[in-house]
Amino acid sequence: MKTQRIPQNGLLTVDRDRLWNSLMEQGKIGETDKGGLNRQALTDLDRQVRELFMKWGKEAGCEVSIDQIGNIFVRRPGVDNSLPPVMTGSHIDTQPTGGKFDGCFGVMAGLESIRRMNDLGIKTRAPVEVVAWTNEEGCRFPPCMMGSGVFTGEFELESTLAICDAGGISVGEALTKIGFAGEKPVPGHQVGAYFEAHIEQGPVLEDAEKTIGVVIGALGQKWFDLSIQGVESHAGPTPMSLRHDAGLVAAELITFVNRTALEYAPHGRGTVGCLDLFPGSRNVIPGQVNMTVDFRHLEADALDAMVTGLKVKIAELEELHGVQISLAPTADFAPLYFADKCVSYVRDAAEALGFGHMDIVSGAGHDAIFLAEKAPAGMIFVPCEGGISHNEMERADADDLAAGASVLLNALINAAGIEEAK
Ligand SMILES: [Zn+2]
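Notes on the structure follow. (Residues numbered from 1 in each chain as written. Predicted model: local features only at pLDDT ≥ 70, side-chain atom pairs only at ≥ 80, totals over all residues. Heavy atoms only, no water.)

**Digging into the packing of aromatic side chains**
Quick reminder of the rule: For Phe, Tyr and Trp, where Trp contributes only its six-membered ring, two rings pair if their centres lie within 6.5 Å, and the inter-plane angle classes them as stacked under 30 degrees, edge-to-face over 60, or tilted in between. Working definition: helices are DSSP H or I runs of at least four residues, strands are E runs of at least two. Numbering for both runs from the N terminus. Accessible area is worked out with a 1.4 Å probe on protein chains only. A residue is then buried under 20% of its type maximum, exposed over 50%, and partly exposed in between. Comment: the charge-over-ring label is applied if NZ (Lys) or CZ (Arg) is within 6 Å of the ring centre and within 35 degrees of the ring normal.
In total, this model carries 7 aromatic pairs according to the counting rule given. Taken together, a centroid distance of 6.3 Å and an interplanar angle of 55° make the contact between W133 and Y194 tilted. Taken as a pair, W133 in strand β4 (residues 128-133) and Y194 in strand β5 (residues 193-199) lie far apart in primary sequence, 61 residues in all. Residue class for W133 comes out buried when judged on its relative accessible area of 2%. Given the relative accessible area of 0%, Y194 is considered buried. Residue placement shows R50 over the ring face of F180; its charged tip is 4.9 Å from the ring centre. One residue, R115, lies across the ring of W56, its end atom 5.2 Å from the ring centre.

Take a look at the structure:
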């Protein structure tokens, strides 16, 4: 059997309205007054959307299975089912004030791709599988990307099942309660390639007026808790030259973090998201500040250099202001480049379909980042209005979503291989 890289008619597109209608229908489960979604992992609402996804998968002629962490796999058989499946998907859980597109788009785009292959009678060599990963958001049960983490062996099953929510209910109990404690063993089966379509969750595509983001990689992240110990004293009697002002040092560090990220443009990011001043009285010089630092970069060396720069700055500020500063790492994710082959499938499909596209990096975490450890992986971004996500106001355009799903469809077919038309 021969395979062809681009199907003979070259331009396969999805059914825009069917994709949109599916997104809107799943978006009724857990809909908020403001038109967003509150559908946290392993709740009864999560059960409802999981059942809807499985029903749609079965209606598309697929086999459905569930693994021990509740990941759902909808498999469209290939010509050669001994080959590992080409996989796509994302998540259908949401933040408490989430939108209808974050994650859901990737799962519905995968489903629409399968439906379209059915419409066109396409036979792929390898099976194609759509997955809904359990608890990507991590808001009820930390950490995020739980299902894909267990599937890839990044997280261990037993300890993950024991993680409890604020009400003391464990992941294991919640899975059993909603009927999704599956039997498929984890770490999971082999994957031929993995693609994930997702809204960008940032403003870059909209700003550049591009429809498709060809995701080349994901930023590495290093997070820290930073604590500054100065001396609190009276705002009046203490002259400026004799202060150990932890608040002032914090201000210097905030601008330093920002400047550092700018120096490492375009892929540098630096954020101080939390800041607590003690004692928090208007006429007392702050004696202590607790704050956070979040550095990101696409290159490991640059990320390391940003952290080294921060440490040098800390030593300077300790000397200058007579304060003590501690820096404790809280998270460390290495930067990631997606597989050239998968990136090319995405870029070539966007090009062939005539969609405006650009290379882009992911600044956020996604299931694809864990999957990239296990198989060649790639991602497709589409714009979301104003770059706003994790927000009930999250919006995306039906044409852009259809474009992203069409790119996904072609990437899946090319990666799975297609039986040459006779
Ligand atoms: Zn997401």
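Moving on from the coordinates now.
**Some thoughts on the side chain of D165**
For the record, the criterion: Under this definition, polar contacts are N or O atom pairs within 3.5 Å; protein pairs additionally need one hydrogen-donor-capable and one acceptor-capable atom, and for neighbouring residues in sequence, both atoms have to be side-chain atoms. Here, residues are in contact when the closest pair of their heavy atoms is within 4.5 Å.
By secondary structure assignment, the location of D165 is in the loop between α5 (157-161) and α6 (171-177). On the basis of relative accessibility, which here comes to 12%, the residue D165 falls in the buried class. Polar contacts involving the side chain of D165 include one to the main-chain amide nitrogen of G167, which spans 2.9 Å. Ignoring any residue separated from it by four or fewer positions in sequence, one finds D165 in contact with R140 and F141.

**Overview of a nonpolar patch on the surface**
Here is the rule we go by: Residues qualify for a patch when their relative accessible area is over 30% and they have no salt bridge, like charges being joined within 9 Å and the nonpolar side chains of Val, Leu, Ile, Met, Phe, Trp and Tyr within 5 Å. Note on areas: Shrake-Rupley with a 1.4 Å probe; residue coverage comes only from the protein chains shown. Salt bridges are defined as contacts in which a side-chain nitrogen from Lys or Arg sits within 4 Å of a carboxyl oxygen from Asp or Glu.
A surface patch of nonpolar side chains, about 220 Å² in accessible area, is lined by I254, L275 and L277. Position of L275 relative to the elements: it lies in strand β10 (residues 275-278).

**Considering the coordination of the zinc ion**
The expected angle between donors at a tetrahedral four-coordinate metal is 109.5 degrees. At an octahedral six-coordinate metal it is 90 or 180 degrees. Quick note on the threshold: For Na, K and Ca the donor cut-off is 3.2 Å; for every other metal, N, O and S atoms count as donors within 2.8 Å. Water does not enter the count, which can leave sites looking incomplete.
At the metal site, the zinc ion is ligated by H91 (NE2), D102 (OD) and H198 (NE2), and these contacts range over 2.0 to 2.3 Å. Summarised as a motif, the one-chain spacing of the donors to the zinc ion is H-x10-D-x95-H. In this pair, H91 is assigned in strand β3 (residues 86-91) and H198 in strand β5, connecting sequence segments 107 residues apart. The class of H198 is buried, set by a relative accessible area of 1%.

**Thoughts on helix α12 (residues 398-416)**
The criterion, for reference: Multiplying one less than the number of residues by 1.5 Å gives the expected span of a helix.
With 19 residues, α12 should reach 27 Å at 1.5 Å per residue; the first-to-last C-alpha distance of 27 Å fits that figure. Burial within α12 is extensive, with 17 of its 19 residues counted as buried. Near the N-terminus of α12, the side chain that reaches the backbone nitrogen of D399, with its oxygen 3.0 Å away, is that of D397. Just downstream of α12 lies G417, where phi reads positive at about 85°.

**What to know about the pattern of salt bridges**
For the structure shown, the criterion picks out 17 salt bridges. Across the pair R47 and E51 runs a salt bridge whose closest N-O atoms are separated by 2.9 Å. Taken together, the positions of R47 and E51, both in helix α2 (residues 44-59) and 4 residues apart, correspond to about one turn of that helix. Note on R47: relative accessible area 22%, which makes it partly exposed.

**Quick look at the pairing of strand β12 (residues 288-297)**
To be explicit about the condition: In this description, strands pair whenever DSSP reports at least two bridges between them.
Where burial is concerned, most of β12 is hidden: 7 out of the 10 residues are buried. Where strand β9 (residues 269-271) and β12 come together, 3 bridges link them in antiparallel fashion. Counted as the bridge partner of T271 is D294 from β12. Examined bridge by bridge, β10 and β12 share 4 bridges and lie antiparallel to one another. Bridge assignment links L275 to a residue of β12, and that residue is M291.

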